[in-house]
Amino acid sequence: MYMNEDEIGEALQNLYKEGIVKREDIFITSKLSSFHLQSKEDILECFQTVLKNLQTDYLDLFLIHGTLGFKKGAPFPNLREGDIIDYDEERIAMVWKTMEELVAKGSVKAIGISNFTITKTDKLLKTAKIVPAVNQVECHPYFQQVKLRTYCKSKGIAIECYAPLGSPSRFGIDPNDPVVMEDPVINEIATKYSVTAAQIC
């Protein structure tokens, strides 16, 4: 998904060979690419590529990257009109069923979602046999996602945060957006406890 799994796979193999760590000591998560949401065959192709790149026989956690799909070959992130495949409840149910089959085969220990709203998670749960282990979403002091966190907790779904520091170098950033780690309250708390702003976030 992020075009770095080859390097990660090589690095892990070196660690295994040097006896620094064993595979069972590592928790490996990957994502189902948004370019592979169209069919069961696409999903399985993506999954096998992930295993090959990471040089592993199984994943600890496999996430659906999001509810939108992209047409294969689309120039991400410079998507054109027609490159995005809109959210479809039945398609996501098919994707989840395929991922549940991977769990049944022992290829994945746990499966989860990413960037799912309350509404879309609720729709998924109507047909899901396995409750998502995780919903990975953007979450930081300026975007606390209180309702979503409360909802996921009530369903037994862990929240995993990305961009906990506010992602100041994210694509398409507005230069006028506030920077989380420059927030005066956060920095005041950090100074009080002799830690960094990042540790407070």
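Residues numbered from 1 in each chain as written. Predicted model: local features only at pLDDT ≥ 70, side-chain atom pairs only at ≥ 80, totals over all residues. Heavy atoms only, no water.

Caption draft 1: Quick look at unusual backbone geometry. Located in the positive-phi region is N115, a residue other than glycine, with phi close to 65°. Within the fold, N115 resides in the loop between β5 (108-114) and α4 (118-125). Despite not being glycine, A163 shows a phi value in the positive range, around 55°. Position of A163 relative to the elements: it lies in the loop between β7 (158-162) and α6 (184-192). (Helix = DSSP H or I, 4+ residues; strand = E, 2+ residues; numbered from the N terminus.)

Caption draft 2: Structural detail: the sheet that holds β7. As summarised here, the arrangement of the five strands in space is β1-β2-β5-β6-β7, forming an open sheet in which the pairing is parallel. Single-partner strands in this sheet number two, and they are β1 (29-32) and β7. Taken over all neighbouring pairs, the strand axes of this sheet differ in orientation by 30° on average, direction set aside. Here β1 pairs with strand β2 (residues 59-64) via four bridges, running parallel. By the bridge assignment, K31 is partnered in β2 with L63. (Pairing = 2+ DSSP bridges. Axes fitted to C-alpha atoms, helices over the stretch in contact; angles between N-to-C directions.)

Caption draft 3: Geometry of the environment of A11. Relative to the assigned elements, A11 resides in helix α1 (residues 5-17). For A11, a relative accessible area of 39% translates into the label partly exposed. Taking the C-alpha atoms as reference points, A11 and L54, separated by 43 residues in sequence, lie 9.2 Å from one another. (Buried < 20%, exposed > 50% of the residue type's maximum accessible area, 1.4 Å probe, protein only.)

Caption draft 4: Summary view of helix α2 (residues 40-54). Its 15 residues place the ends of α2 21 Å apart at the C-alpha level, agreeing with the 21 Å of an ideal helix rising 1.5 Å per residue. When α2 is considered as a whole, its buried residues turn out to be D42, I43, C46, F47, V50, L51 and L54. Taken together, the buried residues of α2 touch α1, β1, β2, α3 (89-104) and β5. The positive-phi residue at the C-terminal boundary of α2 is Q55, with phi of around 55°. (Expected span 1.5 Å × (residues − 1). Contact = heavy atoms within 4.5 Å.)

Caption draft 5: View of the side chain of S34. With respect to the helices, strands and loops of the structure, S34 is situated in the loop between β1 and α2. Under the relative-accessibility criterion, S34 is labelled buried at 2%. Here the side chain of S34 touches H65 through a polar contact of 3.3 Å, side chain to side chain. (Polar contact = N/O pair within 3.5 Å; in protein donor to acceptor, adjacent residues only side chain to side chain.)

Caption draft 6: Region of the structure containing the packing of α4 against helix α5 (residues 146-155). Direction vectors running N to C along α4 and α5 enclose 20°, while the axes themselves pass 10 Å from each other. On the basis of their axis angle, the class for α4 and α5 is roughly parallel. Between α4 and α5 the crossing geometry is right-handed. When α4 is examined against α5, the residues I118, T121, D122 and L125 are found in contact with a partner set consisting of K147, L148, Y151 and K155. Residues of the contact of α4 with α5, tallied by class, amount to four nonpolar, one polar and three charged. (Parallel < 35°, antiparallel > 145°, perpendicular 65-115°, else oblique. Left-handed = near helix turned anticlockwise from the far one by under 90°. Nonpolar A, V, L, I, M, F, W, Y, C, P; charged D, E, K, R; others polar.)

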